[in-house]
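What follows is each chain in one-letter form.
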Amino acid sequence: LAAATAASLALSANAYAADDCNDGEIVIKFSHVVAATGHPKGDAATLLAERVNDEMNGKACMQVFPNSQLFDDDKVMEALLLGDVQLAAPSLSKFEAYTLKFRLFDLPFLFQDLDAVERFTTGENGKELLNSMTDYGFQGLGYWSSGLKQFSANKPLLVPDDAKGLKFRVQTSDVAVAMIEAMGANAQKLAFKEVYGALQTGVVDGQENSWSNIYTQKFFEVQDGITGTNHQLLAYLLVTSDEWLDSLDPEVRDQFLTIVEEVTATANGNVAAAEAKNRQNVLDAGSTIRELTPEQRKAWVGAMKPVWDKFEGDIGKDLIDSAVASNN
Ligand code: LMR
């Protein structure tokens, strides 16, 4: 018991933006895996906590646990159902156990930029997808964008052929695996917190992630350089359990959901600047960034196109078409 108490005290002491919760306040624990600051998700979580703790003082109290210090993404969904945490924001690639619809967001070269993502996620189809996991007791509260992904490896990557035979870390997503295989490379699913070590020790040769993750996790330190492929979206689902949401008084729930909506809009508006800043941070740290010529980009798009056909049945052609239409 003493050890458990000590561990839980250590956790609360580490919680970023932790508020001392008072008796009678609803405690809202938010667990995520990225850096606490300088990252779109870390900063959004902090902003949400600040607003809840300020505007709902006396009614609710929010604590954020960043950096996988509380749960990995593969455990956090269960933790939501058990009531160990009330909020999580895994990437949309990580929900395959509950819905195959989110495979949409992993299709390579689907969205041309973050504005297209915003148009889709705030549109009718995007909003409906928030309810994809209600059968399992989960409610999506909003999409938090985090930028487009870039490839890196322990050698220069300019065309997909350069990746042949290499091993890349991917998230727990079969779409990502198919994409890597389409490049003639091998995919290995690994938890986020294991990526740096796996790159450093050569367990994998390369990775793909947003500029903010590449910078804040220091992946660039253990890679030859980064290639500006912008090949896939990284975005999160802010998710809670129906049971918890239903347990709130309507007035408290409305206030909380209004704050969530406003923070989501603010956070998504900040992503492009945060990504540009972290790209610059990677350069300033002395890493090499390779940008693609239009020809080279075409080769990446072409190599990955078969992935779309493979998952069309899971996602639905209409949904894919509506996401594509958000590019215009
Ligand atoms: C990853 O596992 O690479 C990402 O989902 C981590 C994150 O939350 O950005």
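The coordinates are above.
Computed from a predicted model, the values in this text were never measured in an experiment.

Parameters and conventions
Residues numbered from 1 in each chain as written. Predicted model: local features only at pLDDT ≥ 70, side-chain atom pairs only at ≥ 80, totals over all residues. Heavy atoms only, no water. Buried < 20%, exposed > 50% of the residue type's maximum accessible area, 1.4 Å probe, protein only. Helix = DSSP H or I, 4+ residues; strand = E, 2+ residues; numbered from the N terminus. Arc of directions from axis to C-beta. Contact = heavy atoms within 4.5 Å. Near = heavy atom within 4 Å. Polar contact = N/O pair within 3.5 Å; in protein donor to acceptor, adjacent residues only side chain to side chain. Areas by Shrake-Rupley, 256 points an atom, 1.4 Å probe, with all protein chains shown as cover. Nonpolar A, V, L, I, M, F, W, Y, C, P; charged D, E, K, R; others polar. Disulfide = S-S within 2.5 Å. Pairing = 2+ DSSP bridges.

Asks: Please explain helix α13 (residues 306-315) as it appears in this structure.
Replies: Residues that lie three or four places apart on an α-helix share one face, since the helix turns once every 3.6 residues. Taken together, the buried positions of α13 are V307, W308, F311 and I315. Looking down the long axis of α13, one finds its buried residues gathered within 95° of arc, a one-sided arrangement. Along α13, the residues that are exposed and aim more than 90 degrees away from the buried face are D309, K310 and G313. Structurally, α13 contributes buried residues whose contacts are with α4 (103-106), α7 (174-182), α12 (294-304) and α14 (317-325). Of the residues trailing α13, G316 is marked for its positive phi of about 105°.

Asks: Even after reading the chapter, I still don't get the site of the ligand, so can you show me in this structure?
Replies: Every residue close to the ligand is listed here: V33, V34, K41, S91, K94, R169, Q171, F192, N209, N213, L234 and Y236. In this structure, Q171 approaches the ligand through a side-chain N or O atom, which is 2.8 Å from an oxygen atom. N213 has a polar side-chain atom sitting 2.8 Å from an oxygen atom of the ligand. When the free accessible area of the ligand is taken as 270 Å², the share hidden by the protein chains comes to 100%. A class-by-class count of the residues in the shell around the ligand yields five nonpolar, four polar and three charged.

Asks: I keep staring at the state of the cysteines and nothing clicks. Help me out?
Replies: By definition, a disulfide is the covalent link that joins the sulfur atoms of two cysteine residues. The tally for this structure, following the rule as stated, stands at one disulfide. Across the disulfide, C21 is cross-linked to C61 (sulfur-sulfur distance 1.9 Å). Handedness of the C21-C61 disulfide follows from its S-S torsion of about -65°: it is left-handed. In this pair, C21 sits in the loop between α1 (2-14) and β1 (26-31) while C61 sits in strand β2 (residues 60-65), placing the two residues 40 residues apart along the sequence.

Asks: Even after reading the chapter, I still don't get the pairing of β1, so can you show me in this structure?
Replies: Every other side chain in a regular strand lies on the same face of the sheet, so the side chains alternate between the two faces. Pairing of β1 with β2, which is carried by six bridges, proceeds in the parallel orientation. Across the sheet, V27 pairs through a bridge with C61, a residue of β2. Summarising the sheet, β1 and strand β3 (residues 87-88) pair through two bridges and their orientation is parallel. Each residue of the ladder has a partner; that of S31, found in β3, is A88.

Asks: Is there a simple way to think about the environment of D314 in this case?
Replies: Structurally, the position occupied by D314 is in helix α13. You can call D314 partly exposed: its relative accessible area is 27%. For D314 and T99, which are 215 residues apart along the polypeptide, the C-alpha to C-alpha distance reads 9.2 Å. Sequence-distant contacts of D314, that is, excluding residues within four places in its chain, are made with L100, K101 and R103.

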